[in-house]
Amino acid sequence: MIKIIKQLTIVFCAIFLLSGCVRYDVGVEFQDQTHGLIVQKIQLGERLTSFSHEVIDEWISSLERRVKQLKGKTKRLSKQEISVTIPFNNGKDLEKKFNQFFNPAEFNTQKSKKNSDVVLPQFSSDLNLKQNNFIFALRNHLSLELDLRSLSLLSTSENVLISSGNLLELQFVLTTPWGATVINPVSIAAETSSEPILVNVESNGKQVVWTLKPGEINHLEAIFWVPSPIGIGTLVIILITALGIYLKSNIRPQIKTGQPPIPTKV
C-alpha cells in the first residue's frame, strides 16, 4: 500500500509540477565553407533538478565528457542552464561530430552505471549533408532524422512511466548566412499518424526553427548556400593581378623614341 501511494505521488508531481521543465535547443550554425558550430542550449526546470537530481547529475557529466572528446566547450550558465559549442571545419566533419555526439557508444545500455534503478532514455540521429561546389559558393542539402521514440515515456527511479509530452520542449535550429529553403518536414508516430512538424523562419530567413515531437521519428530537410572563402579569395587575386597588368601597360609614362635626352645642369 505504501509503495502504491509513493508511485501515485510521483505521478502527481510529474503531471502537475513538472510541466515544461526541460527545454532542449540543438542547432547548426554555418558561417562559410570552412567554419561552423554545433550549438546546444539546455534549460532544466528547478523542480526537475530536485525531483530527479541523481539522473540529471549523471546526464550532465556524460554530456561534458562527450563534448570534451569532440574538442568542444561546455558552459554552465546557471544551475539549470547549460550551453554547448562544438566547432566543425567542413561538411564531413559536421556529419561525423553530430552523429558521434548523438549516438554515443556509452549509451548502448539503458541502465545507469551508478544506479541500476535509473533508466536513461536513448535516441539516435542520422545527419547527412550533400555539398556541391560552385566555386564561389557551396550548395548544401541537409537531411536529418531524429528517432525520439524512446522519449515518449520517461521512467523514474520507482519504475513509473511518465508521458514526456508536457515535460520536454525540443527544437532544432539551422542558421545560415544567406537563408535556407525548407523541404516539407515529416514526423512518423510510433503507432498512429501525427500532425506536421512546426517550422518557423526567423532573422530574415537566415534562421529556421523546427519544433520536434518526442515519441516520434522526426525527419528534417533543407537546402541552403554558404560562401566559399577559397573561391572568393581566388577571384580577388585574379582581379588584383588583372588590374596590376592593366595599370602597368596603360598608365605607366611612355618614353618617346627619336627625341634627344634632356641635358642636366652641372
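Structure: see above.
A few points on the structure. Note that the coordinates shown come from a computational prediction; the quantities given were computed from them, not determined experimentally.

## Describing the overall build of the protein chain
- Scanning the protein chain from N- to C-terminus turns up five helices and 13 strands.
- Out of the 266 residues in the protein chain, the part that is buried amounts to 38%.
- Counting only contacts in the protein chain whose residues sit at least 6 apart along the sequence, the fraction spanning at least 24 positions is 65%.
- About 16,500 Å² of surface is accessible on the protein chain, with carbon and sulfur atoms providing 57% of the total.

## Description of the sheet that holds strand E12 (residues 207-211)
- Strand order in the open sheet formed by seven strands is E3-E4-E2-E1-E9-E12-E11, with mixed pairing between adjacent strands. Of all the strands in the sheet, just strand E3 (73-76) and strand E11 (198-202) have a single pairing partner and so form its edges. Pairs of neighbouring strands in the sheet enclose a mean axial angle of 15°, with direction left out of account.
- In terms of strand pairing, E11 meets E12 through five bridges, oriented antiparallel. Note on E12: the bridge partner recorded for Asn200 is Val209.

## Here we look at a nonpolar patch on the surface
- A cluster of nonpolar residues, Ile135, Phe136, Ile232, Leu235, Val236, Leu239 and Ile240, forms a patch on the protein surface that exposes about 630 Å² of accessible area.
- Summarising the element assignment, Ile135 is placed in the loop between strand E5 (124-133) and strand E6 (137-147).

## Describing the environment of Phe101
- Within the secondary structure, Phe101 sits in helix H4 (residues 91-102).
- Each C-alpha atom of the pair Phe101 and Leu63 lies 8.8 Å from the other, and the pair is 38 residues apart in sequence.
- Once you skip the residues sitting within four places of it in the chain, Phe101 turns out to touch Tyr24, Gln40, Leu63, Arg66, Val67, Leu70 and Ile86.

## With respect to the packing of aromatic side chains
- Under the definition given, this model contains seven aromatic pairs.
- Between Phe30 and Phe88, the ring centres sit 5.3 Å apart and the planes meet at 70°, which makes this aromatic pair edge-to-face. Note that Phe30 is positioned in strand E1 (residues 22-32) and Phe88 in strand E4 (residues 81-88), a separation of 58 residues in sequence.
- Judged by centre distance (5.3 Å) and plane angle (50°), the rings of Phe134 and Trp225 are tilted. One end of the pair, Phe134, is in the loop between E5 and E6; the other, Trp225, is in strand E13 (residues 216-227), with 91 residues separating them in the sequence.
- Using a relative accessible area of 47% as the deciding quantity, one classes Phe134 as partly exposed.
- Within the aromatic cluster, the residues linked to one another by ring pairs are Phe98, Phe101, Phe102, Phe172 and Trp210.
- Seen from the ring of Phe101, Arg66 lies directly overhead, with NZ or CZ sitting 4.7 Å from the centre.

About the criteria used
- Residues numbered from 1 in each chain as written.
- Predicted model: local features only at pLDDT ≥ 70, side-chain atom pairs only at ≥ 80, totals over all residues.
- Heavy atoms only, no water.
- Helix = DSSP H or I, 4+ residues; strand = E, 2+ residues; numbered from the N terminus.
- Buried < 20%, exposed > 50% of the residue type's maximum accessible area, 1.4 Å probe, protein only.
- Contact = heavy atoms within 4.5 Å.
- Areas by Shrake-Rupley, 256 points an atom, 1.4 Å probe, with all protein chains shown as cover.
- Pairing = 2+ DSSP bridges.
- Axes fitted to C-alpha atoms, helices over the stretch in contact; angles between N-to-C directions.
- Patch = residues over 30% accessible without salt bridge, like charges linked within 9 Å, V, L, I, M, F, W, Y side chains within 5 Å.
- Salt bridge = Lys/Arg side-chain N within 4 Å of Asp/Glu carboxyl O.
- Phe/Tyr/Trp six-rings, centres within 6.5 Å; stacked < 30°, edge-to-face > 60°.
- Lys NZ or Arg CZ within 6 Å of the ring centre and 35° of its normal.

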